[in-house]
Amino acid sequence: MARIDLVDLAHSYGGNDAPQETFALKPVTMTWRQGGAYALLGPSGCGKTTLLNVISGIITPSRGKILFDGADITPLSTQKRNIAQVFQFPVIYDTMTVGQNLAFPLKNRGVPKTEIDKRVAEIGRLLDLEPYLNRKATRLTADAKQKISLGRGLVRSDVAAVLFDEPLTVIDPELKWQLRSKLKALHRELDLTMIYVTHDQTEALTFADTVVVMHDGRVVQSGTPAELFDKPAHTFVGYFIGSPGMNILPAEVRGREARIDGHVIALNRAYDKLPAGAKIEIGVRPEFVEVVAPAPGLLTAKIERIDDLGRIRFARVRVGDAKLAARAPNGFTSSDGTAGLKFDPSHIHVYADSLLVEGAA
Amino acid sequence: MDKTVNQKAWFLVLPVFLVVAFSAVLPLMTVVNYSMQDTFGNNQFFWNGVGWFKELLDPSTDLGGRFLASLGRNLFFSLVILAIEVPLGIVVALSMPRQGWTVAACLVILALPLLIPWNVVGTIWQIFGRPDIGLLGYVLNHIGLDYNYVSNDIDAWVTVIVMDVWHWTSLVALLCYAGLKSIPEAYYQAAQIDGASRWAVFKAIQLPKMNRVLLIAVLLRFMDSFMIYTEPFVVTGGGPGNSTTFVSIELVKIALGQFDLGKAAALSLVYNLIILIVCWIFYTVMTNAGTERKHQEGAA
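Since this is a predicted model, take the numbers as computed values, not measurements. (Residues numbered from 1 in each chain as written. Chains lettered and ligands numbered in written order. Predicted model: local features only at pLDDT ≥ 70, side-chain atom pairs only at ≥ 80, totals over all residues.)

Engineer: I'd love a proper account of the overall build of chain A, names of residues and values included.
Structural biologist: In terms of helices and strands, chain A carries eight helices and 21 strands. Along the longest, intermediate and shortest principal axes, the C-alpha atoms of chain A span 80 × 50 × 35 Å. Of all intrachain contacts in chain A linking residues separated by at least 6 positions in sequence, the fraction that spans at least 24 positions is 67%. (Helix = DSSP H or I, 4+ residues; strand = E, 2+ residues; numbered from the N terminus. Contact = placed C-beta atoms within 7 Å.)

Below you can see the structure in the form of structure tokens.
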């Protein structure tokens, strides 16, 4: 168990001399708290698996350091690091029983037999694998096999962290829920640091108390699900998280107002020191934009369609070239296909070159 | 539904029947026919019933003695070369590179001995081992080892075994390499995470994943070595004395050397039967292993 610090860590598959834009993992400095449940969220190819493999030692980073409780473990091999990792596809040792599979990581480290038996029994109980402990592991279903893989990750009580690399990809949706709740429960019970890689925001938001969003090799934001939702630090976080994602509109921002097509939208905060020459955008979540009947003083939009999600309806609208989603209140209809947009000023964010700008109160 | 009567299919099947009849059934029946008779040449045959077969299995007779002795030598030879080639092939496969241009180089070098005709292999080693002009034989004698495969039983055996190992270890190595290449990278990564030593990785991952190809390798090498003829015949001619006379060499001696067609026919039938039985055992074991695997995948 340990705190994990990444210090100016970066990795390039093309070597350290390659231009930094090509790095699979761009320099990152961050801390993973002991006992935290983290999700590493991002689209395919954003570098999340690279980061995970760097932490576990499968990949040696081309730059930077990894500290476990302050001790530099960057040069140590995977075997010597106190880390457990569960892979996308179940890895089972064919010739062994389920119990022997679970015992394997402990046996390799010379843990006394009585201790092994105790741990295997405990993990077997936690993962509902008890009835299978003496059976050959090869004859089980995919989800049982993945449970064994999880079990091998959890069986060591001394690990600094357990890393999960999209472990539920091969599992049926129904079982996915069960296994995820199981993981969550295990996290509470075992007090382990867990880092869970996924490209599925539901999975990330339900599992983790801290979500780390990655984009194009960079960590763009790390925070609680609520923070990611309320205050995305990067336009990418805005539209990647949430369904539908955040509306991002190019705008001119001056003081307490933003201008779109000459139309003025009031802001809650003052933005006087925006970097010159930067691309300025405003972002607002569809939940905080409402379509109403067109009225003077409101931005006019063309309605393309209305998606009924059951509990809530979202109108897909168009302002000039920009597409937006907005909440459509019950009973809203439009006679001529146009609507006025009502923004909630407290939930409008301003972005300069995709990065959040804090306004003055 | 009525079946249409159509006899035309016979024309399609008949050629196969004929080819099989002339290439397999008729020759085999001829051998069965010979095995029941004795001949003193001049195309005169005398009925002998199962006499030859009785003699074959009785070590006190000349025929039985020779057959059982050569069978024993042959089995010993097969066991020795399997005991060397299988572990050696695994070691070679494990130490081969996984990627880069060296892979192609290794594969070509390994494949070379497999591509050399058997009697050429025999000739190579026959010359290589000669004490007067062969590099191996000359060097060994020069450094004080009294090596002569023509006069010394053990030297002859060592030569024949080393030759077979040289010729065929590549086959085992290539099969194992194919088996190793099919193991997903995640297994090795998981083993690293689990803190497995090199030996534990071999035992827990590599060996179990190779067991199918290993079974095939053992089958191929056993069959081939059990039927071996050309290479030892070229090198030692079965000598010195009878020390490297394997079953096939004995068979040729009886059939073509002494022209004892009856005895040779009986011997070849028994020889054939042994090979068939061993083949069947291997086949059963292999398909059982296969269905077991399918079972597991079906359940998964």
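Engineer: Lay out the overall build of chain B in plain terms, naming residues and giving numbers.
Structural biologist: Per the secondary structure count, chain B includes 12 helices and two strands. Moving toward the C terminus, one meets the helices and strands of chain B in the order α-β-β-α-α-α-α-α-α-α-α-α-α-α. Over its C-alpha trace chain B gives a radius of gyration of 25 Å, far above what one expects of a compact globule, namely 19 Å for 300 residues. By principal-axis analysis of the C-alpha atoms, chain B measures approximately 85 × 75 × 35 Å. By residue count, 28% of the 300 residues in chain B fall in the buried class. In chain B, once contacts between residues fewer than 6 apart in sequence are set aside, the share between residues at least 24 apart is 67%. (Rg over C-alpha atoms; globule rule 2.2 N^0.38 Å. Buried ≥ 20, exposed ≤ 12 C-beta atoms within 10 Å, placed from the backbone.)

Engineer: Describe the interface of chain A and chain B, with residues and values.
Structural biologist: Listed as interface residues are 23 residues of chain A and, on the opposing side, 17 residues of chain B. The set of elements that each furnish at least two residues to the side of chain A that touches chain B consists of strand S6 (83-86), helix H2 (98-108) and helix H4 (142-154) of chain A. Broken down by class, the residue content of the side of chain A that touches chain B amounts to 11 nonpolar, eight polar and four charged. (Nonpolar A, V, L, I, M, F, W, Y, C, P; charged D, E, K, R; others polar.)

Engineer: Outline the sheet that holds strand S21 (residues 355-357) of chain A, listing residues and values.
Structural biologist: Residues and elements named next belong to chain A. Read across the open sheet, the four strands follow the order S11-S14-S20-S21; overall the sheet is antiparallel. Strands at the two margins of the open sheet, each flanked by one partner only, are strand S11 (247-250) and S21. Strand-to-strand twist of the sheet, defined as the mean angle between neighbouring strand axes without regard to direction, takes the value 40°. Pairing geometry for strand S20 (residues 348-352) and S21, over three bridges, is antiparallel. Across the sheet, residue Ala352 finds its bridge partner in S21, namely Leu355. (Pairing = 2+ DSSP bridges. Axes fitted to C-alpha atoms, helices over the stretch in contact; angles between N-to-C directions.)

Engineer: Give a detailed account of the pairing of strand S15 (residues 289-292) of chain A, specifying residues and quantitative values.
Structural biologist: If a strand is regular, its side chains alternate between the two faces of the sheet. All names here are of chain A. Covered by surrounding structure in S15 are Val289 and Val291 only, the residues Glu290 and Val292 on the alternate face being uncovered. Strand direction decides the pairing type here: S15 and strand S19 (residues 338-343), joined by four bridges, are antiparallel. Looking at S19, one finds that Val292 is bridged to Gly340.

Engineer: Describe the confidence of the model for chain B, and please don't skip the residues or the numbers.
Structural biologist: Across chain B, the average pLDDT comes to 87, with 95% of residues at 70 or higher. Confidence drops under pLDDT 50 across residues 296-300 of chain B; counting only partners more than four residues distant or on other chains, this segment forms six contacts. (pLDDT = per-residue confidence, 0-100.)

Engineer: Give a detailed account of the nonpolar core, specifying residues and quantitative values.
Structural biologist: Residues and elements named next belong to chain A. Core analysis: the largest hydrophobic core is formed by 81 residues, its most contacted members being Ala39, Leu40, Ala161, Ile195 and Tyr196. Looking at this core element by element, the count peaks at five residues for H2. Setting aside residues no more than four positions away along its own chain, Ala161 makes contact with Ile4, Trp32, Ile83, Thr193, Met194 and Ile195. Within the second largest apolar cluster, 27 residues are counted, among which are Ile280, Ile282, Phe314 and Ala326. (Core = buried A, V, L, I, M, F, W, Y, C linked by C-beta atoms within 7 Å.)

Engineer: Any details on the packing of H2 of chain A against H4 of chain A? Residues and values, ideally.
Structural biologist: Residue and element names in this part refer to chain A. Between H2 and H4, the shortest axis-to-axis distance is 7 Å and the interhelical angle comes to 30°. Where H2 crosses over H4, the two elements pack in a sense that is right-handed. Each of Val98, Asn101, Leu102, Phe104 and Pro105 in H2 lies in contact with H4, whose residues at this interface are Ile148, Gly151 and Arg152. Classifying every residue of the contact of H2 with H4 gives five nonpolar, two polar and one charged. (Left-handed = near helix turned anticlockwise from the far one by under 90°.)

Engineer: Give a description of the packing of helix H3 (residues 62-95) of chain B against helix H9 (residues 198-226) of chain B that names residues and reports values.
Structural biologist: All names here are of chain B. Put simply, H3 and H9 touch, their axes get as near as 9 Å, and they point 145° apart. Remark: the crossing between H3 and H9 carries right-handed chirality. Facing H3, whose interface residues are Asn74, Phe77, Ser78, Ile81, Leu82, Glu85, Val86 and Gly89, H9 presents Leu214, Ala217, Val218, Arg221, Phe222, Ser225 and Phe226. The class makeup of the residues in the contact of H3 with H9 is nine nonpolar, four polar and two charged.

Engineer: For the sheet that holds strand S8 (residues 194-198) of chain A, give the residues involved together with the corresponding values.
Structural biologist: Note on sheets: strands pair through backbone hydrogen bonds, and any given pair is parallel or antiparallel. Residues and elements named next belong to chain A. Here we have six strands laid out as an open sheet, ordered S6-S7-S8-S3-S9-S10, and mixed in their pairing. Edge positions in the sheet fall to S6 and strand S10 (218-223), since each of these pairs with one other strand and no more. Mean inter-strand twist for the sheet, computed between neighbouring axes without regard to direction, equals 20°. Sheet strands in contact with helix H1 (residues 48-56) are strand S3 (37-41), S6, strand S7 (161-165), S8 and strand S9 (210-215), and its direction is about 150° off that of S7.

Engineer: Outline the environment of Ser12 of chain A, supporting the account with residue identities and numerical values.
Structural biologist: All names here are of chain A. Its location among the elements puts Ser12 in the loop between strand S1 (4-11) and strand S2 (25-32). Separated by 13 residues in the primary sequence, Ser12 and Leu25 place their C-alpha atoms 6.6 Å from one another. In contact with Ser12, other than residues within four places in its own chain, are Ala18, Thr22, Phe23, Ala24 and Ser62.

Engineer: Tell me about helix H1 (residues 9-35) of chain B, and name the residues and values.
Structural biologist: Residue and element names in this part refer to chain B. Here H1 contains 27 residues, and its C-alpha end-to-end distance of 37 Å stays within 8% of the 39 Å for a straight helix at 1.5 Å per residue. Approximately 50° is the largest bend angle found in H1, and it occurs at Ala21. Across the 27 residues that make up H1, only a small minority, two, are buried. (Expected span 1.5 Å × (residues − 1). Bend = angle between axes of the 7 residues up to and from the residue.)

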